[in-house]
Amino acid sequence: MTKVLVLYYSSYGHIEQMADAVAEGARAGGAEVDIRRVAETAPAAVVAAAHFKTDTAHPEIENVQALANYDAIIIGAPTRFGRMPSQMASFLDQAGGLWASGALNGKVGGAFTSTASQHGGQETTLFSIITNLLHFGMTIVGLDYGFQGQMGVDEVKGGSPYGATTIADGDGSRQPSASELDGARYQGKRIAEVAGKLNA
């Protein structure tokens, strides 16, 4: 069975919700799925002052070497000034050994993100994640236009051909919409299906 890792960092729970939806989609695509988060590296005082969400149902990933155990890796992280946050970047920066050995070559990858506003850097954040995955030798699957929910201007919504997205608002009060969660499920399913075909 195809093994998929949904790896995420979430400050306020928006990406955690998207990670659950991505995993749901990947399971619908026939994959065995693990959801893991990267460690919080912000000082405890910052975490408390910013009211980060610290309770989660998902365990931390054991180490960066665990990435090699999966056929597909889907990474989710919020934006920090138009790029992935330091928590995720720090984790991926430890993957030099995997890169050097080619351990991730040919695996399937994807990305999803969250921003405060519609123009808060969703696509550049996705590309900051995708760039890492391409350097690891991975084949990227985005949120293709088979998911029509990302089209139209009838409502405020995330979604990009580069990956599923959600919009949290500046105070984090907006939660992922039904359309955004559907996009995450669609992308997860497509990634699982592509990984399954490549492994066949």
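Residues numbered from 1 in each chain as written. Predicted model: local features only at pLDDT ≥ 70, side-chain atom pairs only at ≥ 80, totals over all residues. Heavy atoms only, no water.

Draft legend 1. Quick peek at the packing of aromatic side chains. Within this structure, the stated rule accounts for three aromatic pairs. Centroid distance Tyr12 to Phe52: 5.3 Å. Interplanar angle 85 degrees. Geometry classified as edge-to-face. Of this pair, Tyr12 sits in the loop between strand S1 (3–8) and helix H1 (14–28) while Phe52 sits in the loop between helix H2 (44–49) and strand S3 (72–78), placing them 40 residues apart in sequence. Here Tyr12 falls in the partly exposed class, since its relative accessible area comes to 44%. Taking the relative accessible area as the measure of exposure, Phe52 reaches 15% and is therefore buried. Judged by centre distance (5.8 Å) and plane angle (45 degrees), the rings of Phe147 and Tyr186 are tilted. Pair noted here: Phe147 is in the loop between strand S5 (139–140) and strand S6 (164–167) and Tyr186 is in helix H6 (residues 178–199), with a separation of 39 residues, a long-range link. Using a relative accessible area of 24% as the deciding quantity, one classes Tyr186 as partly exposed. (Phe/Tyr/Trp six-rings, centres within 6.5 Å; stacked < 30°, edge-to-face > 60°. Helix = DSSP H or I, 4+ residues; strand = E, 2+ residues; numbered from the N terminus. Buried < 20%, exposed > 50% of the residue type's maximum accessible area, 1.4 Å probe, protein only.)

Draft legend 2. Layout of H6. Between the first and last C-alpha of H6 there are 32 Å, a value that for 22 residues agrees with the 32 Å anticipated at 1.5 Å per step. When we look at burial in H6, the residues that qualify are Ser179, Glu180, Leu181, Gly183, Ala184, Gln187, Gly188, Ile191, Ala192 and Ala195. (Expected span 1.5 Å × (residues − 1).)

Draft legend 3. Expanded view of the side chain of Ser128. In this fold, Ser128 is placed in helix H5 (residues 122–135). Taking the relative accessible area as the measure of exposure, Ser128 reaches 17% and is therefore buried. When neighbours within four sequence positions are excluded, Ser128 is seen to be in contact with Arg83 and Met84. (Contact = heavy atoms within 4.5 Å.)

Draft legend 4. Molecular detail of unusual backbone geometry. Here the phi dihedral of Phe81 falls at roughly 55 degrees; this positive angle occurs in a residue that is not glycine. Position of Phe81 relative to the elements: it lies in the loop between S3 and helix H3 (86–92). Phi is positive for Asp169, which is not a glycine, with a value near 70 degrees.

Draft legend 5. Quick peek at the pattern of salt bridges. Evaluation of the coordinates by the stated rule reveals 10 salt bridges. Between Asp154 and Lys157 there is a salt bridge, with the nearest N and O atoms lying 3.2 Å from each other. Overall, the relative accessible area of 61% leaves Asp154 in the exposed class. Sharing partners across several salt bridges, the network here consists of Asp144, Lys189, Arg190 and Glu193. (Salt bridge = Lys/Arg side-chain N within 4 Å of Asp/Glu carboxyl O.)

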